[in-house]
Each structure stands twice: as C-alpha cells, then as structure tokens.
Amino acid sequence: MTQNSASKLLNRDASQDKKTCGNGFVKSHCLFQQKRYRRPAEKNHHASCTSLLYNKLFVESFEETPLLVAVLTYMGYGILTIFGYLRDFLRDWKFEKCHLAREREEQKDFVPLYQDFENFYTRNLYMRIRDNWNRPICSVPGAKMDLVERVTPDYNWTFEHTGKVLKDVINMGSYNYLGFAENSGTCADAAAHSTVKYGVGVSSTRQEIGNLDKHEELEKLVARFLGVESSMVFGMGFATNSMNIPALTGKGCLILSDELNHASLVLGARLSGSTIRVFKHNNMQSLEKMLRDAIVHGQPRTHRPWKKILIVVEGIYSMEGSIVRLPEVIALKKKYKAYLYLDEAHSIGALGTRGRGVVDYFGLDPSDVDIMMGTFTKSFGAAGGYIGGKKELIDYLRLHSHSAVYATSMSPPITQQIITSMKCIMGKDGTTLGQERLRQLSENTTYFRRRLHEMGFIIYGNNDSPVVPLMLYMPAKIGAFGREMLKRNIGTVVVGFPATPIIESRARFCVSAAHTREMLDTALNAISEVGDLLQLKYSRKYRGEESSCFSYLESHQD
Amino acid sequence: MNVGTAHSEVNPNTRVMNSRGIWLSYVLGIGLLHIILLSIPFVSVPVVWTLTNLIHNMCMYIFLHTVKGTPFETPDQGKARLLTHWEQMDYGVQFTASRKFLTITPIILYFLTSFYTKYDRVHFVINTISLLTVLIPKLPQFHGVRLFGINKY
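Residues numbered from 1 in each chain as written. Chains lettered and ligands numbered in written order. Predicted model: local features only at pLDDT ≥ 70, side-chain atom pairs only at ≥ 80, totals over all residues. Heavy atoms only, no water.

**What to know about the overall build of chain A**
On a plain count of helices and strands, chain A comes out with 17 helices and 16 strands. Burial analysis of chain A (558 residues in total) assigns 54% to the buried set. Considering only contacts in chain A between residues 6 or more positions apart, those separated by 24 or more positions represent 71%. Accessible area for chain A stands at about 26,300 Å²; split by element, carbon and sulfur atoms hold 56% of it. (Helix = DSSP H or I, 4+ residues; strand = E, 2+ residues; numbered from the N terminus. Buried < 20%, exposed > 50% of the residue type's maximum accessible area, 1.4 Å probe, protein only. Contact = heavy atoms within 4.5 Å. Areas by Shrake-Rupley, 256 points an atom, 1.4 Å probe, with all protein chains shown as cover.)

Pasting the structure below:
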C-alpha cells in the first residue's frame, strides 16, 4: 500500500541523512530535491519522478504562453487602456453620458466618496463584455438549460429582457460533475417528500433547536462515505471554510497555503489570526523549504516554536484544473509533523474509482488527512459543506465552530437530496446508477480533454480533472468567445484579469456525467469552429495537421 | 477578500512587470515609437533620437511614477492606493530583476541617443535632464518620497 511506500521513502531518507560524501559535501536532507535542469518550454509536464508514492501516471501540463501571443495581449490591454482614458476624458467633459455613480454637485469639494481610478477596469473593460456573466437561467442547470434572452440598448450598461427564452443551451459551465442537478428522479422525489414532511426552513441554528435527525443521519453517512470517524455538515460551502479555520488555528500558528487557494480558504486563514505563508502552486520543493524554515526558525521575532503548522491545499483547483500532489504532501506532513487540511470542493464525487475524492484517486488512507473538508454543491447537486476527521476534532468543532453556533443549519430538502445522491454514489440504493455515472464522468473527461488537445487548444491541468480551462489570453477574445458560444447554443464561463494573471485569461469548461457523447461532440465542434474563427489554437504540441505557416511556406517555395 | 479571483495574490499589479513577454513588448514599443518618429519627413536623425528619449522618459514617468493605485479594487484595504506602480512592484522589494531592467533601459536609450546626436551640447543637456527625471524616482531612498507634496494624495 502506499503507506508502506511512504514510510520506506522516509526511512531511506533518514539513513541518507547521516552520510556525507567523501569531500565533506553534505547532501541536502530534503525529501524532494530541486531538479537541476528544467525544460524551458513547459512547466510541470512530467510523470512524477517519485514514482514510489504514486500508483498511476500523474500527467499535468501547463503549456507556456507563446511569446507572440503575450506581446499581442499586452498590446490589446494597452489599446484598451488608451481608449479607457479617452472615454473617461469624454465623460468628464460631458461629451458622453456618464452611467456611473457620481457625487452630488454640492459635495464636489468634500473628500471624494468614490475612488475614480479603482473603477477604471470595471468601467472600461468589464462593462464592455459584461453580457457574458450573470446570465439568468430559468430551468434546472442540468446538462441543458434555458437562458433568458437579454438585449442591451446602451452597450451593457443596462439590460432588458426580450421575453424570449433560449431553450436547451448545452451547459458547459455548471459544477454538475455527476449530473445530480435534476428535477426528476429519485433524488428530486425524496427531496420533495422531505419538504412535505419537514418544510423548507429550519428556523434555528444547530446548537439551539435546528439539529434535525436528518442532519445526524447525513453526518453518519458522510463519515462512512469518506472513511473517517466522524463528520459535521454546514449549510454553506464558503462558510464551512471561513468559519471553521478560525476555530482550528489562532495566533501563534502557521498556515501554509497554496498560491491558488480559493477565497474561502484565504478568508478563513485571515480571520483566524495565524501567520500565513504562501507556497508556489503544487510545488513540493517550495512547501518543503517553507516547512523546514518554519520549524528551524520558529515564530518571527521570538523564535518560539509554532503552536501548530497547518498545510491547506485543495483537491482540484478549479481555475487551473490541477490535482494536488497528495502523496507527496502526506509524506511531507508526516516527516515534519504538520497537520493537513484538504478542501475537496471540486474533487469529492468527481475523482476516484469509487467517487470518494482525491484520497481515493491516489489510493491513500483517509486517516492520513487530518481534516477533510468538502462541499455538496458540486457533485451532489445540493448546497452546503462538510468537515470530516477524528471524533475529538469533530466534537470540538460542534462546540466551537461559528457556523454551528450562529448560522442556520442545512435545509431539510437539501439534506435529503445529499443523502439520496450519496447513497446512489455508494451503491446503497440498490442500483448501479452511481457507478455508471462515475464511469461516464471519467470517460467524458478523458474524451473531452483528448479531443481538445488534438484540436490544438492549450488546455491546463491534469488529464483526469473534469475542470478544463481553455486558454484565450487576449482580452477581446474573452468577450468574443462567450458570445460566439452562446450563438451556437452553448453556455460557457469565461474568466479574465484580475481573477487570473494578466495574460492568462481562459474559458473554463466543467464536464458532467449528464453530458452524452452527442452533446460533447456538438460542443466540441462548436468550440473548434469558434477556435478557428478567433484563432485560439495556439498549442505547439500534438498538432493534428502541420502548422499552417509551414504549409504556406512550402506551397510558395515552388 | 479575493472573491471571484483564482489566486491569493492580493495586488496583481505587483506581478505585471514579471509576466511573460512584457519586457519584449516594452522594447518593441520603444522600437515602434522610434520608427514612427523616424518616418516624419522633415526632422533630422539627432532630433528624432532626442524626441524618442524624451517621449519614452515622459511616458515612463507618467505611468510608473505618477499614476497611483490600481485600476481595479484590491482586497488589501487600500494599502496600495497612495503608491505609484514603481513602488508597488514586487511589494516594495528593491533590486528585483524587473526593477533592474527598467532602470537599465533608459540608460541604454540615453547612450544611444548621445551617440546619434553626436554629443551636441543642447541635446546633451535636454537628454540628461530627462534621464535624471526618470532615474531619481527609482532610487530606493526615494521609495514613498513625495517632494514638495506633489502627487501626495
């Protein structure tokens, strides 16, 4: 099992510590050495070298931005900035109507209420392509959804509903990994039944009188699902992180959090008052160096030892599509005696042969992870979050978590939806529906990623992650891609700066088990068409045909 | 807090000058400016070089040392609102690679300009004053310094 291989690695390394080479050079004691030579063309594209810890190939690729594309992207942002300044000037001199909040004339001499420059980006860039976000959906967000059609008479400053509904738009943006976002079937019937029995609202917090027997049943089920001793559920996924990390760490503790951690983890870490140090995304050498520095030097001024060191990582990072290197993190945590907080918001139900998340995907022991957190929003079609771990930990959280004391507990129909869908995934409802969906999801993921790769797009992330970011790079293409896809009846999510680094704007697809092969093919054909139209096929690897510029040269040589 | 963002970077402005391809874009931008000025028919080559130097230094002064804050809202509660882009770069850490690059480029442009103006006295005075306006704010001693209260708020 991987536990033995991890301990083998640690023991082997311990004996290596004592040796010094003949010329007095002491080998570094680090578990994971920095590699001397990195191929400059790609970062992180390698099957893991510490193959003792991994039971399968770990292939992640983040192809680097082509230089020409980067230069054109900066040019695009430069032109937008110049036009932004021009438009601001016109608005200031009243040549153009100003749609924004302005101070009253009488208050012009006061200290300014609005910071003009901080809204520059919103006014001049975001407003131009605002119709790609906040689109109202008027059906269940399953594999296909209905969108309300909007038109804008004044370039996205205001929207009007035409009254028409765009039907059956293929949904490539919802976190619907196992397809449980549906309004018919066993889950929906069970949820409706429990609404009839319990009502919809709970009207209290967990500690007062909002602790339903359904919550207890769900917590036992979640604990069995994850393979941990005990678990606790909360009404909101974001609040699970932001309300529980302060209960676990405090002043004098150290939180080592990944660069690309979600806002809820960042907020929870800040609220706790611990020292936060950020290590490079999924980079085990960076994490190890930080752990060593922390243990050797202790707290900043006093050099006292840290009370606790908590490593906070996510299972799947939703913007990059990368999977955490969990075996290496666990090996490090055991060596340096730190605690591990694993946020499986996107990976629970979506990874692993039995759907138990990233721990199942790597074949590790759940008791190695101290705190397993996850959300029910993504794969279970409900809302809320959970934390699983040892019984003492969960009992402590029941008393000390802000969410338990102050926040309303989970609503009964949602609780029932999670119970039914979790039983379905585990196979406890007597059907093989769960297994089929898991298999369908992993097939869809592999197919979708392979086809996009063959078409020549730059895709980030691990080959097994159902989150597929497709790189767009240029600011104009963000808006163009979203609109063109909607014209072809496909709903996508696009993200730009400052949510991503300045040149790495992307479109993010979420593959679902509810997508049939035909839907994926339709989507892929549309993506390919839009990719040709907008020239998005930047990839230099695995091209299906010859690159077009070479064939141009060849055809003109004779 | 970084709601809606995909990273825990508090101020993305600090990383812009380290991004891939921006140094190249900057050099290409200077080249483009120079070619545009060269294509004006009635100006001589020394005047074009002096103009390139002046316009480059003026733009650099405006964008790096005059404009303050960020064009987007940051979750750092306004720590960067009174800082120019130069002061925000790399969170104020001095002598990083980008800072060195942006210090050396005006100096190289100055050398080229001095050569192509044949070290004429008038051009020399103008170019040197222009270089000083762009080099002095980059000194570490001038981090956060506002002379005579200019550009303070």
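**Side note on the pairing of strand S11 (residues 385-389) of chain A**
All names here are of chain A. Of all five residues that make up S11, five are buried, and the element is covered over most of its length. Burial of S11 is two-sided: the residues Gly385, Ile387 and Gly389 facing one way and the residues Tyr386 and Gly388 facing the other way are all buried. Of the pairings in the sheet, the one linking strand S5 (residues 230-234) to S11 comprises five bridges and is antiparallel in character. Note that in S11 the partner of Ser231 across the bridge is Gly388. Summarising the sheet, strand S10 (residues 371-375) and S11 pair through four bridges and their orientation is antiparallel. The residue bridging Met372 from the neighbouring strand is Gly388, located in S11. (Pairing = 2+ DSSP bridges.)

**Considerations on the pairing of strand S16 (residues 506-510) of chain A**
Residue and element names in this part refer to chain A. Most of S16 is tucked away: five of the five residues are buried. Of the two faces of S16, the one holding Arg506, Arg508 and Cys510 and the one holding Ala507 and Phe509 are both buried throughout. Where strand S13 (residues 467-471) meets S16, five bridges bridge the pair, whose relative direction is antiparallel. From the neighbouring strand, Leu470 faces S16, where its bridge partner is Ala507. The pairing of strand S15 (residues 493-495) with S16 spans three bridges and is classified as antiparallel.

**Quick word on the sheet that holds strand S3 (residues 144-151) of chain A**
Read from one edge of the open sheet, three strands run S3-S4-S14 (chain A), paired in mixed fashion. Among the strands making up the open sheet, the edge pair consists of S3 and strand S14 (490-491) of chain A.

**Topic: the interface of chain A and chain B**
Counting residues at the interface gives 30 residues for chain A, matched by 28 residues for chain B. Here chain A packs against chain B, burying approximately 2,500 Å² in sum over the two surfaces, 63% of which is carbon and sulfur. Per-residue buried area on chain A facing chain B is highest for Tyr74, Phe117 and Glu118 of chain A; these three make up 24% of the total on that side. Where chain A touches chain B, the interface holds two salt bridges. With a shortest N-O distance of 3.4 Å, Arg20 of chain B and Glu64 of chain A are connected by a salt bridge. In this structure, the connection of chain A to chain B is made through five residue pairs in polar contact (both at pLDDT 80 or more). (Buried area = accessible area lost by both parts, 1.4 Å probe. Salt bridge = Lys/Arg side-chain N within 4 Å of Asp/Glu carboxyl O. Polar contact = N/O pair within 3.5 Å; in protein donor to acceptor, adjacent residues only side chain to side chain.)

**Details of the packing of aromatic side chains**
Summed over all chains, the structure comprises 24 aromatic pairs over all chains. Seen in terms of ring centroids, Trp23 of chain B and Phe101 of chain B are 4.3 Å apart; in terms of plane orientation they differ by 5 degrees. Their pairing is stacked. Of this pair, Trp23 of chain B sits in helix H1 (residues 22-38) while Phe101 of chain B sits in helix H4 (residues 97-116), and the two are 78 residues apart along the sequence. Residue class for Trp23 of chain B comes out partly exposed when judged on its relative accessible area of 34%. Aromatic ring contacts, followed pair by pair, group Tyr54, Phe58, Tyr361 and Phe362 of chain A into a single cluster. In this arrangement the basic side chain of Arg150 of chain A is found over the ring face of Phe159 of chain A, its NZ or CZ atom lying 4.1 Å from the centre. A cation over a ring is seen here: Arg99 of chain B above Trp86 of chain B, with NZ or CZ 5.0 Å from the ring centre. (Phe/Tyr/Trp six-rings, centres within 6.5 Å; stacked < 30°, edge-to-face > 60°. Lys NZ or Arg CZ within 6 Å of the ring centre and 35° of its normal.)

**Some details on the UniProt feature "modified residue: Hydroxyproline" in chain B**
Residues and elements named next belong to chain B. UniProt marks Pro137 with the feature "modified residue: Hydroxyproline", using the numbering shown here. Mapped onto the fold, Pro137 is located in the segment after helix H5 (121-135). Not counting residues up to four positions away in its chain, the partners in contact with Pro137 are Tyr61, His65, Trp86, Leu132 and Phe142. (UniProt positions renumbered as here; feature names shortened; annotations may be inferred.)

**Let's talk about unusual backbone geometry**
Peptide bonds are trans in most cases, and residues, glycine excluded, mostly fall at negative phi. If you check the backbone angles, Tyr155 of chain A has positive phi at about 55 degrees while not being a glycine. Positionally, Tyr155 of chain A belongs in the loop between S3 and strand S4 (160-171). With phi around 60 degrees, Phe95 of chain B is a residue other than glycine that occupies positive phi space. Structurally, Phe95 of chain B can be placed in the loop between helix H3 (85-88) and H4. For Phe95 of chain B, a relative accessible area of 60% corresponds to the exposed category.

**Description of the domain arrangement of chain A**
Entries for chain A in the domain assignment read domain 1 (72-128), domain 2 (130-171 + 433-555) and domain 3 (186-426). Between the C-alpha centres of domain 1 of chain A and domain 3 of chain A there is a distance of 41 Å. (Domains from an automatic or database assignment.)

**Some details on the side chain of Asn462 of chain A**
Residue and element names in this part refer to chain A. Of note, Asn462 is situated in strand S12 (residues 461-462). At 3.0 Å, the side chain of Asn462 and the backbone nitrogen of Asp464 are in polar contact. The residues contacting Asn462, other than those within four sequence positions of it, are Phe58, Val59, Glu60, Gly321, Ser322, Ile323, Tyr361 and Arg449.

**Notes on the packing of helix H2 (residues 45-66) of chain B against H5 of chain B**
Residues and elements named next belong to chain B. Closest axis-to-axis distance for the H2/H5 pair is 9 Å, and the angle between their directions is 15 degrees. Between H2 and H5, the angle falls in the class roughly parallel. In the crossing of H2 with H5, the sense of the turn from one axis to the other is left-handed. For the pair H2 and H5, the contacting residues are Pro46, Val47, Thr50, Asn53, Leu54, Asn57, Met60, Tyr61 and His65 in the first and His123, Ile126, Asn127, Ser130, Leu131, Thr133 and Val134 in the second. Residues of the contact of H2 with H5, tallied by class, amount to eight nonpolar, eight polar and no charged. (Axes fitted to C-alpha atoms, helices over the stretch in contact; angles between N-to-C directions. Parallel < 35°, antiparallel > 145°, perpendicular 65-115°, else oblique. Left-handed = near helix turned anticlockwise from the far one by under 90°. Nonpolar A, V, L, I, M, F, W, Y, C, P; charged D, E, K, R; others polar.)

**Looking at the confidence of the model for chain A**
Within chain A, residue pLDDT values average 86, and 88% of them lie at 70 or more. A low-confidence stretch, residues 37-49 of chain A stays under pLDDT 50, and its non-local contacts, those more than four residues away or across chains, total 22 contacts. (pLDDT = per-residue confidence, 0-100.)

**Here's the deal with the UniProt feature "domain: Aminotransferase class I/classII large" (unreviewed entry) in chain A**
As annotated by UniProt and renumbered to match this structure, "domain: Aminotransferase class I/classII large" (unreviewed entry) occupies residues 167-527 of chain A. A helix fraction of 43% and a strand fraction of 16% characterise residues 167-527 of chain A, whose end C-alpha atoms lie 19 Å from each other.

**Re the sheet that holds S10 of chain A**
Residues and elements named next belong to chain A. Strand order across the open sheet formed by seven strands is S5-S11-S10-S9-S8-S6-S7, with mixed pairing between neighbours. Single-partner strands in this sheet number two, and they are S5 and strand S7 (275-279). Ignoring strand direction, the axes of neighbouring strands in this sheet form an average angle of 20 degrees. Pairing between strand S6 (residues 254-258) and strand S8 (residues 309-314): four bridges, direction parallel. When the sheet's bridge partners are listed, Leu256 is paired in S8 with Ile311.

**Topic: the UniProt feature "transmembrane region" in chain B**
Residue and element names in this part refer to chain B. Feature annotation in UniProt assigns "transmembrane region" to the following positions: residues 22-42, 43-63, 95-117 and 122-142. As annotated, residues 43-63 comprises 90% helix and 0% strand, and the C-alpha atoms at either end are separated by 27 Å. Secondary structure within residues 95-117 divides into 87% helix and 0% strand; the distance between the first and last C-alpha atoms comes to 31 Å.

**Brief notes about a positive patch on the surface**
On the surface, Lys251, Arg301, Lys307 and Lys308 of chain A cluster together to form a positively charged patch. Relative to the helices and strands, Arg301 of chain A is located in the loop between helix H8 (284-297) and S8. (Patch = residues over 30% accessible without salt bridge, like charges linked within 9 Å, V, L, I, M, F, W, Y side chains within 5 Å. Lys, Arg positive; Asp, Glu negative; His and termini not counted. Charge placed at Lys NZ, Arg CZ, Asp CG, Glu CD.)

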